[in-house]
Amino acid sequence: MKGDVLFGKLRPYLAKVFLAEQEGIATTEALVLVSDAVLLPAFLKHLLLSDEFINAVSATTFGAKMPRANWDAIGGLPILLPPRDEQQQIVAFLDWKTGQIDALIARKKELLEKLKEKRIAVITQAVTQGLNPRRPMRDSGTPWLGKVPEHWHVMRLKDYGRLVGGAGFPVDEQGLTDEELPFYKVGDLKEAADGRT
């Protein structure tokens, strides 16, 4: 129902909390919390997102690979409950402050995207045109390469390198990068391409 607060019970350390703004149906992986007149739903949402609450819930989970929280454990946790008017003030402050933070994050993400594009452009220019932009250029004869420095050769990759297939490892041994011979997954390649490694 509108005003219900949904708490993701699977891997609760991910802090998946949602305040329903309309009628709907929830999966069994969500605990649907219906607050009474004393506890504001918006305050409850912020309370459930707090580090202290998430840590307390995580300490009660069961299951190793996919830990889950249950209502008996969560329902038994003590919470702080300010008067209703103070809850409203706290909610208003948090909505304003988190709105500012979200806007800053959006601007930073936009900047990071632009920097990523710039990074790719710098790499592309350096490896296809060299470091001296005034150097004489010629048509490479390959459409995707375009013009290249006059003194550069256009050769086939396979003439200067070879393909070696990757090794197959059981899933539980994949991603071990602290060993003498680290194991690289496709995800590791993506991180490198994104400039995170």
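Computed from a predicted structure; not experimentally measured.

What counts as what
Residue positions are given per chain, counted from 1 along the sequence in the order it is written. Reporting in this predicted model follows two pLDDT cut-offs: at least 70 for local features of residues, and 80 or more for side-chain atom pairs to be given and counted; totals over whole chains, interfaces and linings ignore these cut-offs and use all residues. The basis for the side-chain values is all heavy atoms of the structure; hydrogens and waters are excluded. We define a nonpolar core as any set of buried Ala, Val, Leu, Ile, Met, Phe, Trp, Tyr and Cys residues linked to one another through side-chain atoms lying within 4.5 Å. The buried label goes to any residue with under 20% of its type's maximum accessible area, the exposed label to any with over 50%, and the partly exposed label to all in between, with areas taken from a 1.4 Å probe on protein chains only. Labels follow the DSSP assignment, with helices taken as runs of H or I lasting at least four residues and strands as runs of E lasting at least two, numbered in each case from the N terminus. When checking whether two residues touch, look at their non-hydrogen atoms; a contact exists if any pair is within 4.5 Å. Only the stretch in contact is used when a helix axis is fitted, and all axes are lines through C-alpha atoms; the angle between N-to-C directions ranges over 0 to 180 degrees. Should an angle lie under 35 degrees it is considered roughly parallel, over 145 roughly antiparallel, and from 65 to 115 roughly perpendicular; all remaining angles are considered oblique. Handedness of a helix crossing follows the sense of rotation of the near helix relative to the far helix, less than a right angle counterclockwise being left-handed and clockwise being right-handed. All amino acids are sorted into three groups, where Ala, Val, Leu, Ile, Met, Phe, Trp, Tyr, Cys and Pro are nonpolar, Asp, Glu, Lys and Arg are charged, and the leftover types, Gly among them, are polar. Here a Phe, Tyr or Trp ring, Trp counted by its six-membered ring, pairs with any other such ring whose centre lies within 6.5 Å, and the pair is stacked when the planes are under 30 degrees apart, edge-to-face when over 60, and tilted otherwise.

Visitor: What exactly am I supposed to notice about the nonpolar core here?
Guide: The nonpolar side chains of a soluble globular protein tend to be buried with one another. One finds Phe7, Leu44, Leu48, Phe53, Val57 and Ile74 to be the most contacted residues of the largest nonpolar core, which totals 17 residues. Secondary-structure elements contributing two or more residues to this core are strand E1 (5–8), strand E3 (30–33), helix H1 (41–49) and helix H2 (51–58). Of the residues forming this core, the biggest block, 4 residues, is contributed by H1. Those residues in contact with Phe53 that sit more than four places away from it in its chain are Phe7, Leu47, Leu48, Ile74 and Leu77.

Visitor: Is there a simple way to explain the packing of H1 against helix H4 (residues 84–129) in this structure?
Guide: Angle between the axes and distance between the axes: these two values describe a pair of packed helices. Relative to each other, H1 and H4 sit at 60 degrees, their axes nearing to 9 Å. Considered as vectors, H1 and H4 are oriented oblique to each other. Seen along the crossing, H1 lies across H4 with a hand that is left-handed. For the pair H1 and H4, contact is made by Ala42, Phe43 and His46 and by Gln87, Ile90, Val91, Leu94 and Asp95, respectively. Across the contact of H1 with H4, the residue classes tally to 5 nonpolar, 2 polar and 1 charged.

Visitor: I tried to follow the packing of aromatic side chains on my own but got confused; where do I start?
Guide: Aromatic ring pairs: the centre-centre distance and the angle between the two ring planes describe each pair. Evaluation of the coordinates by the stated rule reveals 2 aromatic pairs. With 6.1 Å between their ring centres and 90 degrees between their planes, Phe7 and Phe53 make a pair best called edge-to-face. Residue Phe7 is located in strand E1, and its partner Phe53 is located in helix H2; the two are separated by 46 residues in the primary sequence. Judged by its relative accessible area of 8%, Phe53 falls in the buried class. Here Phe93 and Trp96 contribute two aromatic rings whose centre-to-centre distance is 6.0 Å and whose plane-to-plane angle is 55 degrees, an arrangement assigned as tilted. You can see Phe93 and its partner Trp96 sitting in helix H4, 3 residues apart, about one turn around the helix.

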